[in-house]
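Examination of the molecular architecture
Listed below are the residues making up each chain.
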Amino acid sequence: MSIANVENSDGATRLLAQTTLRNMLGTKTLAEVLTDREYISSGMQTTLDEATDPWGIKVERVEIKDVRLPVQLQRAMAAEAEAARDARAKVIAAEGEMNASRKLKEAADVMSESPNSMQLRYLQTLTSISAEKNSTIIFPLPIDIISSFMSRGNK
């Protein structure tokens, strides 16, 4: 029996520790649970000390060694992690698209300064297509036809 008339102080302390652990873990993501065990332990130590001091009980240390999560909570945390990964992947893809569009604009600006560069690029594309072993049929068009279409688009 403890000073504050708690009959089963050992059981009450264990129950308080379990409740505190559930409350602390409920506010964390899976990554935080796995990486911040010491921070969670120190927070639990503080909470347990505040609750057990009136009972005359001192909790010496708190260690989180093994956390077993219910299957439903595991699924929820996995879904949250997957959503975060998907969001990061979309941001990375969008940044890649933005960089590619900038480079294409720069290339277009360089090619517009020299009319011969367009014809050289056209020939280079034909060379790269013909180098592959495939059944692609190429219909070469005179560059004058293409440039007349381009001049109409600029007007």
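Residues numbered from 1 in each chain as written. Predicted model: local features only at pLDDT ≥ 70, side-chain atom pairs only at ≥ 80, totals over all residues. Heavy atoms only, no water.

Looking only at helices and strands, the chain has 6 helices and 0 strands in total. Relative to the globule expectation of 15 Å for 155 residues, the C-alpha radius of gyration of the chain, 34 Å, shows a markedly less compact shape. Overall, the C-alpha framework of the chain stretches about 100 × 35 × 25 Å when taken along its three principal axes. Evaluated residue by residue, the chain yields a buried proportion of 15% over its 155 residues. Put simply, 47% of the contacts in the chain that link residues at least 6 apart link residues at least 24 apart. Total accessible area on the chain is roughly 12,500 Å²; 57% of this is exposed by carbon and sulfur atoms. The distance from the centre of the 19 positive side-chain charges to the centre of the 21 negative ones in the chain is 7 Å. (Helix = DSSP H or I, 4+ residues; strand = E, 2+ residues; numbered from the N terminus. Rg over C-alpha atoms; globule rule 2.2 N^0.38 Å. Buried < 20%, exposed > 50% of the residue type's maximum accessible area, 1.4 Å probe, protein only. Contact = heavy atoms within 4.5 Å. Areas by Shrake-Rupley, 256 points an atom, 1.4 Å probe, with all protein chains shown as cover. Lys, Arg positive; Asp, Glu negative; His and termini not counted. Charge placed at Lys NZ, Arg CZ, Asp CG, Glu CD.)

With 16 residues, helix α3 (residues 37-52) should cover 22 Å at 1.5 Å per step; its first-to-last C-alpha distance of 22 Å lies within 8% of that length. Within α3 the residues assigned to the buried category are I40, S41, M44, Q45, L48, D49 and T52. Buried residues of α3, viewed axially, fall in a sector of 165°; they line one side. Opposite the buried face of α3, at more than 90 degrees from it, the exposed residues are Y39 and E50. On its buried face, α3 is in contact with α1 (9-26) and α2 (30-35). (Expected span 1.5 Å × (residues − 1). Arc of directions from axis to C-beta.)

It is worth spelling out the side chain of S41 at this point. Within the element layout of this structure, S41 appears in helix α3. Setting aside chain neighbours within four positions, we find S41 in contact with V62, E63 and I64.

On to the packing of helix α4 (residues 71-113) against helix α5 (residues 115-131), then. At their nearest, the axes of α4 and α5 sit 4 Å apart, and the two run at 120° to each other. On α5, the residues that touch V110, M111 and E113 of α4 are P115, S117, M118 and R121. Class assignment of the residues belonging to the contact of α4 with α5 gives a composition of 4 nonpolar, 1 polar and 2 charged. (Axes fitted to C-alpha atoms, helices over the stretch in contact; angles between N-to-C directions. Nonpolar A, V, L, I, M, F, W, Y, C, P; charged D, E, K, R; others polar.)

Moving on, we come to a nonpolar patch on the surface. Taken together, the side chains of L141, I145 and F149 define a hydrophobic patch exposed on the protein surface, amounting to about 290 Å² of accessible area. Note that F149 resides in helix α6 (residues 143-154). (Patch = residues over 30% accessible without salt bridge, like charges linked within 9 Å, V, L, I, M, F, W, Y side chains within 5 Å. Salt bridge = Lys/Arg side-chain N within 4 Å of Asp/Glu carboxyl O.)

We now examine α1. The end-to-end C-alpha separation of α1 is 25 Å, in line with the 26 Å expected for 18 residues at 1.5 Å each. When we look at burial in α1, the residues that qualify are T13, T20, M24 and L25. The buried residues of α1 occupy an angular sector of 120° when the element is viewed end-on, so they sit on one face. In α1, the exposed positions that point more than 90 degrees away from the buried face belong to L15, R22, N23 and G26. At its buried positions, α1 is contacted by α2 and α3.

Here we come to the pattern of salt bridges. Here the structure, examined in full by the defined rule, presents 6 salt bridges. Here E63 and K65 are joined by a salt bridge, their closest N and O atoms 3.8 Å apart. Judged by relative accessible area, which is 66%, K65 ranks as exposed. Ionic pairing is found between E106 and K103, a salt bridge with its closest N-O pair at 4.0 Å. Of this pair, E106 and K103 both sit in helix α4, 3 residues apart, which is roughly one turn of that helix. Taking the relative accessible area as the measure of exposure, K103 reaches 56% and is therefore exposed. It is possible to trace a salt-bridge network through shared partners that takes in R61, E63 and K65.

This next bit is on the environment of V59. As for its placement among the helices and strands, V59 is situated in the loop between α3 and α4. Residue classification places V59 among the buried residues on the basis of a relative accessible area of 12%. Not counting the four nearest positions on each side in its chain, V59 is found in contact with T13, Q45, L48, D49 and T52.

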